[in-house]
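Residues per chain, in single letters:
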Amino acid sequence: MNRKLTPYYMLFLAVLLLAVDIRVPAWSYPAFEPFLTEAPETVNLVVNHVIGHHLTLDLLPDLLGYLLLAAACVMLGPENRHFFKLLPQAAVSLAFYLCQQLMPFSLNGDMRFRAGYLLYFISGILQVLVLMRAMLHVCDRLNTTENHSFNNLSIIFMIISSFAGVVSVLVWFYDLVWISLLYFILQLIFLGIFWYRIWTDRGLLTGEKPSDVPCNP
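Here the structure is a predicted model, which means the values were calculated and not measured.

A. Just the side chain of serine 123, in detail. With respect to the secondary-structure elements, serine 123 resides in helix H5 (residues 109-142). On the basis of relative accessibility, which here comes to 3%, the residue serine 123 falls in the buried class. Of note is the side chain of serine 123, whose polar atom sits 3.3 Å from the side chain of glutamine 100. The contacts of serine 123, once residues within four sequence positions are left out, are Phe96, Tyr97 and Gln100.

B. Region of interest: the packing of helix H2 (residues 40-51) against H5. Across the interface, H2 lies against H5 with an axial gap of 10 Å and an inter-helix angle of 65°. Along this stretch, H2 crosses H5, giving a crossing that reads as left-handed. On H5, the residues that touch Thr42, Val43, Val46, Val50 and Ile51 of H2 are Arg112, Phe113, Gly116, Tyr117 and Tyr120. A breakdown of the residues in the contact of H2 with H5 according to their chemical character gives seven nonpolar, two polar and one charged.

C. Fine view of unusual backbone geometry. The phi dihedral of aspartate 175 is positive, around 65°, even though this residue is not glycine. The exposure class assigned to aspartate 175 is partly exposed, which follows from its relative accessible area of 41%.

D. Structural view of the pattern of salt bridges. Scanning the model with the defined rule gives two salt bridges in all. Of the charged contacts, one joins arginine 141 and glutamate 79 as a salt bridge, the two residues approaching to 3.7 Å between their closest N and O atoms. Placement of arginine 141 in helix H5 and of glutamate 79 in the loop between helix H3 (62-76) and helix H4 (81-102) is noted, with a sequence separation of 62 residues between them. Here aspartate 110 makes a salt bridge to arginine 114, at a shortest N to O gap of 2.8 Å. Taken together, the positions of aspartate 110 and arginine 114, both in helix H5 and four residues apart, correspond to about one turn of that helix.

E. The nonpolar core, seen in detail. Of all hydrophobic cores here, the largest spans 35 residues; its most connected members are Leu11, Leu69, Val138, Phe194, Trp195, Ile198 and Leu205. Counting only elements with at least two residues in this core, the list comes to helix H1 (6-19), H3, H4, H5, helix H6 (148-173), helix H7 (177-200) and helix H8 (202-205). Residues within four places of valine 138 in sequence aside, it is in contact with Tyr8, Leu11, Phe83, Ile198 and Leu205. Tyr29, Val46, Val50 and Leu119 belong to the second-largest nonpolar core, a separate cluster that totals 15 residues.

F. A look at H3. A rise of 1.5 Å per residue sets the reference length of H3, with its 15 residues, at 21 Å; its end C-alpha atoms lie 21 Å apart and thus fit the reference within 8%. Among all positions in H3, only Asp62, Gly65, Tyr66, Leu68, Leu69, Ala72, Cys73 and Leu76 are buried. Angularly, the buried residues of H3 cover 165° about the axis, an arc narrow enough to put them on a single face. Its buried side turned inward, H3 meets H1, strand E1 (23-28), strand E2 (54-58), H4 and H5.

G. Summary view of a nonpolar patch on the surface. A cluster of nonpolar side chains, Ile22, Val24, Trp27, Leu57, Leu59, Leu98, Leu102 and Phe105, forms an exposed patch at the surface whose accessible area comes to about 740 Å². Elements represented by at least two residues in the nonpolar patch include exactly E1 and H4. Topologically, leucine 57 is positioned in strand E2.

H. Broad picture of the environment of tyrosine 97. Examined against the element boundaries, tyrosine 97 turns out to sit in helix H4. The buried category is assigned to tyrosine 97, whose relative accessible area is 9%. Counting along the chain gives 94 residues from tyrosine 97 to arginine 3, while the straight-line C-alpha distance between them is 31 Å. Once residues within four sequence positions are removed from consideration, tyrosine 97 is found in contact with Arg23, Asp62, Tyr66 and Ser123.

I. Just H6, in detail. Across its 26 residues, H6 extends 38 Å between first and last C-alpha, which sits within 8% of the 38 Å expected from 1.5 Å per residue. Aspartate 175, located one to two residues past H6, shows a positive phi value of around 65°.

Reading the values: rules and limits
Per chain, the residues get numbers from 1 upward, laid out in the order the sequence is written. For this predicted model, a pLDDT threshold of at least 70 governs which residues receive local features, and a threshold of 80 or more governs which side-chain atom pairs are given and counted, while totals over whole chains, interfaces and linings are taken from all residues. With hydrogens and water set aside, each side-chain value is computed from the structure's full complement of heavy atoms. Note on conventions: DSSP H or I runs of at least 4 residues are helices, E runs of at least 2 residues are strands, and numbering of each starts at the N terminus. Burial status follows relative accessibility: with a 1.4 Å probe on protein chains alone, a residue under 20% of its type maximum counts as buried, one over 50% as exposed, and anything between as partly exposed. A 3.5 Å cut-off defines polar contacts: any pair of N or O atoms within that distance qualifies, except that in protein one atom must be a possible hydrogen donor and the other a possible acceptor, and neighbouring residues in sequence count only when both atoms are side-chain atoms. Between two residues, a contact is recorded if the distance between any of their heavy atoms is within 4.5 Å. Axis definition: a line fitted to C-alpha atoms, limited for helices to the stretch in contact. Angles are taken between N-to-C directions and run from 0 to 180 degrees. In a left-handed crossing the near helix is turned counterclockwise from the far helix by less than a right angle, and in a right-handed crossing that turn is clockwise. In this count, Pro and Cys sit with the nonpolar residues alongside Ala, Val, Leu, Ile, Met, Phe, Trp and Tyr, while Asp, Glu, Lys and Arg are called charged and the others, Gly among them, polar. Definition used for salt bridges: Asp or Glu carboxyl oxygen within 4 Å of a side-chain nitrogen of Lys or Arg. As used here, the term nonpolar core means buried Ala, Val, Leu, Ile, Met, Phe, Trp, Tyr and Cys residues forming a set that is joined through side-chain atoms within 4.5 Å. Expected span of a helix, by definition, is 1.5 Å for each gap between consecutive residues, and there is one gap fewer than residues. The directions considered for the arc run from the helix axis to the C-beta atoms. Patches were defined on residues exceeding 30% relative accessible area and lacking a salt bridge, with like-charge contacts within 9 Å and nonpolar side-chain contacts (Val, Leu, Ile, Met, Phe, Trp, Tyr) within 5 Å. Calculation of accessible area relied on Shrake-Rupley with a 1.4 Å probe; when residues are assessed, cover is drawn exclusively from the protein chains displayed.

Structure representation (structure tokens):
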């Protein structure tokens, strides 16, 4: 295995860990304290569906995904300074993710509802944007005169995957589980196409000259 590809393997695994969630309930949150509201259905949706009643454990842990993402950025940073600039954004995304998971242990009633409402959208969209930027920086490395059109098409597939991920996050909030699942599957399909195209061009990631890389179809 080419050692120069190691950070890209780590980045791919980080994207997979952060994009796919398989959650099982673990510790119970403190019992929710109801409060008077003019929108009981919205409160019920956020408290019972979005936040839930348990801290959940992800079988594909997001925390490990963030650590792998940070390690890959540190390894790739000397060649592309944009990876170093991605580190603070990844740290902010991780902070919001942890706040979302741990918030119900310290907040209750109206504050739990409002914080859960905001943190869900901020955490979910931030995560997708961080992954999108990381993949864009990989494409920067691949961009050559000979490879420009092929690389641009790869970027389009990546953007479609990211857009499907954002839609999946937004739709799941409203308990439209099957529609959310459909967009999630689309996200993974286009992500797979994107990474396959990156693998096709892996020679450029190791610093080979464009003439040394097989021509793309």
